[in-house]
Amino acid sequence: MLERTPHAFVPSADGGRSSAGLASNHLKVTGLTLEVDGKRLVNDVNLELAPASFTVVMGPNGAGKSLLLRLLHGLVAPTSGEIHWGGRPLDDGLRKRQAMVFQRPVLLRRSVAANIDFVLKGSGRARRQRLQEILERTGFLAQAKQPARSLSGGEQQRLALARALALEPEILLLDEPSASLDPAAVAAIEEIVRGAHAQGAKVIFVTHDLGQAKRLADDIVFMHGGFLEEFAPAEQFFSKPRTEAARAFLDGRLTY
Amino acid sequence: MQDLGEAFSLAFGLVLAGDGDLMEIILLSLQVSLTAIAIAALLALPLGALLAVARFPGRGAILVLVNALMGLPPVVVGLVVYVFLSRAGPLGWMGLLYTPTAMIIAQVILVAPIIAALSRQVLEDLHGEYAEQFQSLCLRRHQIIGALLWDGRYSLLTVLLAGFGRAVAEVGAVIIVGGNIDHLTRVMTTAIALETSKGDLALALALGIVLLAIALTVNGLVMALRATAYRNAYA
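Residues numbered from 1 in each chain as written. Chains lettered and ligands numbered in written order. Predicted model: local features only at pLDDT ≥ 70, side-chain atom pairs only at ≥ 80, totals over all residues. Heavy atoms only, no water.

Chemist: Any chance you could explain the overall build of chain B here in plain terms?
Modeler: The number of helices and strands found in chain B is ten helices and zero strands. Considering only C-alpha atoms, chain B reaches an extent of 70 × 50 × 25 Å along its principal axes. The buried share of chain B, reckoned over its 235 residues, is 45%. Taking the contacts inside chain B whose residues are at least 6 apart along the sequence as the reference set, 74% of them involve residues at least 24 apart. About 11,200 Å² of surface is accessible on chain B, with carbon and sulfur atoms providing 71% of the total. Taken as two groups, the 12 positive and 14 negative side-chain charges of chain B have centres that lie 15 Å from each other. (Helix = DSSP H or I, 4+ residues; strand = E, 2+ residues; numbered from the N terminus. Buried < 20%, exposed > 50% of the residue type's maximum accessible area, 1.4 Å probe, protein only. Contact = heavy atoms within 4.5 Å. Areas by Shrake-Rupley, 256 points an atom, 1.4 Å probe, with all protein chains shown as cover. Lys, Arg positive; Asp, Glu negative; His and termini not counted. Charge placed at Lys NZ, Arg CZ, Asp CG, Glu CD.)

Chemist: Just to check I follow, could you spell out the overall build of chain A for this structure?
Modeler: Check the secondary structure of chain A and you find nine helices and ten strands. For chain A, the proportion of its 256 residues judged to be buried stands at 55%. A separation of at least 24 residues holds for 69% of the contacts in chain A among residues at least 6 apart in sequence. For chain A, the computed accessible surface area is about 11,000 Å², with 50% contributed by carbon and sulfur atoms.

Chemist: Is there a simple way to think about the confidence of the model for chain A in this case?
Modeler: Close inspection of predicted coordinates is inappropriate for parts of the model with low pLDDT. Summing up the model confidence of chain A, the mean pLDDT is 88 and the portion of residues at 70 or higher is 90%. Element-level pLDDT for chain A is lowest in helix H2 (residues 92–95) of chain A, with a mean of 88, against a maximum mean of 97 in strand E3 (residues 54–58) of chain A. (pLDDT = per-residue confidence, 0-100.)

Chemist: Sorry, what's going on with the pairing of strand E9 (residues 219–224) of chain A here?
Modeler: Residues in a regular strand point their side chains to alternate faces of the sheet. All names here are of chain A. Burial runs high along E9: six of the six residues are buried. Burial along E9 is two-sided: the face carrying Asp219, Val221 and Met223 and the face carrying Ile220, Phe222 and His224 are both buried. Two elements, E3 and E9, share four bridges in a ladder whose sense is parallel. Following the sheet pairing, Val56 is matched in E9 by Ile220. Where E9 meets strand E10 (residues 227–233), six bridges bridge the pair, whose relative direction is antiparallel. Bridge assignment links Met223 to a residue of E10, and that residue is Leu228. What sits between E9 and E10 in their antiparallel hairpin is a turn of two residues, with Gly225 showing a positive phi close to 60°. (Pairing = 2+ DSSP bridges.)

Chemist: What's the story with the domain arrangement of chain A in this structure? I'm lost.
Modeler: Residue and element names in this part refer to chain A. Domain boundaries assigned for chain A yield domain 1 (7–97 + 169–256) and domain 2 (107–168). Facing 13 residues of domain 1, the contacting portion of domain 2 comprises eleven residues. Of the roughly 950 Å² buried where domain 1 meets domain 2, counting both sides, 77% is carbon and sulfur surface. The largest contributions to the domain 1 side of the interface with domain 2 come from Pro169, Ile189 and Ile192, which together make up 50% of the buried area. The tally of links from domain 1 across to domain 2 stands at zero salt bridges. For the interface between domain 1 and domain 2, the tally reads one residue pair in polar contact (both at pLDDT 80 or more). If you list the elements that add at least two residues to the side of domain 1 that touches domain 2, you get strand E7 (171–175) and helix H6 (183–198). Ranked by residues supplied to the side of domain 1 that touches domain 2, first place goes to H6 with six residues. Looking at the side of domain 1 that touches domain 2 residue by residue, the class counts come to eleven nonpolar, one polar and one charged. (Domains from an automatic or database assignment. Buried area = accessible area lost by both parts, 1.4 Å probe. Salt bridge = Lys/Arg side-chain N within 4 Å of Asp/Glu carboxyl O. Polar contact = N/O pair within 3.5 Å; in protein donor to acceptor, adjacent residues only side chain to side chain. Nonpolar A, V, L, I, M, F, W, Y, C, P; charged D, E, K, R; others polar.)

Chemist: Quick question: what am I supposed to make of the sheet that holds E9(A) here?
Modeler: Sheet strands pair via backbone hydrogen bonds, and the direction of the pair is either parallel or antiparallel. All names here are of chain A. The six strands lie next to each other as E6-E7-E8-E3-E9-E10, forming an open sheet whose pairing is mixed. The open sheet terminates on both sides in strands that have one partner only, identified here as strand E6 (98–101) and E10. Neighbouring strand axes in the sheet, compared pairwise and without regard to direction, differ in orientation by 15° on average. (Axes fitted to C-alpha atoms, helices over the stretch in contact; angles between N-to-C directions.)

Chemist: Please clarify how the packing of aromatic side chains should be interpreted in this entry.
Modeler: The description of two aromatic rings rests on the distance between their centres and on the angle between their planes. A full pass over the atoms with the stated rule returns six aromatic pairs over all chains. Consider the rings of A:Phe118 and B:Phe134, whose centres lie 6.0 Å apart with planes at 40°: the pair is tilted. Residue A:Phe118 is located in helix H3 (residues 112–122), and its partner B:Phe134 is located in helix H5 (residues 100–136); the two belong to separate chains. With a centroid separation of 5.3 Å and 50° between ring planes, the pair formed by A:Phe222 and A:Phe249 is classed as tilted. Taken together, the residues span a long stretch of sequence, with A:Phe222 in strand E9 and A:Phe249 in helix H9 (residues 244–250) at a distance of 27 residues. Taken as a pair, A:Phe222 and A:Phe249 share a single burial class, namely buried. One aromatic cluster is present, built from ring pairs that chain together A:Phe222, A:Phe237, A:Phe238 and A:Phe249. (Phe/Tyr/Trp six-rings, centres within 6.5 Å; stacked < 30°, edge-to-face > 60°.)

Next up, the structure:
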């Protein structure tokens, strides 16, 4: 069990500022465990993430990446353990400052603009100007009136992302948002996410695409079999992975 | 008893000529059933949506009850409404028995469970798709219900159509509480029952033809609307 000991530390990406402040996007997770039908799907995860970093969660299928993201966002209640954002346990007030984009975009049966307007209305924000801004920024001005579900797969995911950004989240959680998209669509998604990060959003991005992780990550959370195997600055993770599971994954030997 | 061929030709004659009595009966039928559907929809759609999203003790029992009420026998509903509205009944002072209002009340009771049960199923499926996103957005229950009702609008049209079909075609309830009074509470189904028993097949057949035509038209319209919705990726 020794090699499975989680490595909890604040990565160097934000120069250690996070330990001083309690911004709502400073995440601290202790002993996070999720059991379903007696099976431990997420196992005693301890983690502390810096507020400003771009964190990529990696691991093979079934590693618990998506579950970890859902736990962090409060969509799934943990069996045990604690999640604190900015020193506060997760609640609706905190969750409203976060936005999540799912692997399969969940779009309403409405137009592109109405999908964005729906979340603006739900959050009580000033709508018209913000809607125009978002449509423009995410390249949907010309398609504003088009039914959302008639868009291509890549466009649908871009719209889901646009809708998430409409809420100006402090934390953006993305669950393999570009899986099964073509390279152009992947690039479009990455550009928008980078833009949101540059404007100050904390990003936690789940992917099993090594190239994408290298392009985006400040730090890497590597999951395997429900365990947090490794947590390290991206450069260090890719050049000198500490655990055998991470080495196997990076070498393409770990496929399950 | 008229000759069947003669009855058919008379029936088409009445329909084509827009016979006054025939038109009056058709209009009253539509007025009663459409009003009943509108009221039942107002009551039952939010109830169906609430049952689709809420989880509470006893929910299963309520679902069984609502599903069972879909099969209410119209004559029993007619009888119960009659008892309540009759002069000696608790609501007798309202003087509603043998009026179109009494017929609307009976049809609302017949149709509301159908709309509630079917819309619950439609909206629960839709909610299964949206639930995580709605949870992520921290939406309140009324916002979720509003969104589901709007996004399920084309499927719900089919639900309302099922309710309308039940209302416009039933005879047992409206004949008991309406009394089939000429120029007052005579609707297509009660007129068909009466004219058939009197042997006046022409009027009965004419009404039957109109009833079928209405059913076909309404179904056609709803199907066309749903096809448009599918084409536009709204359904």
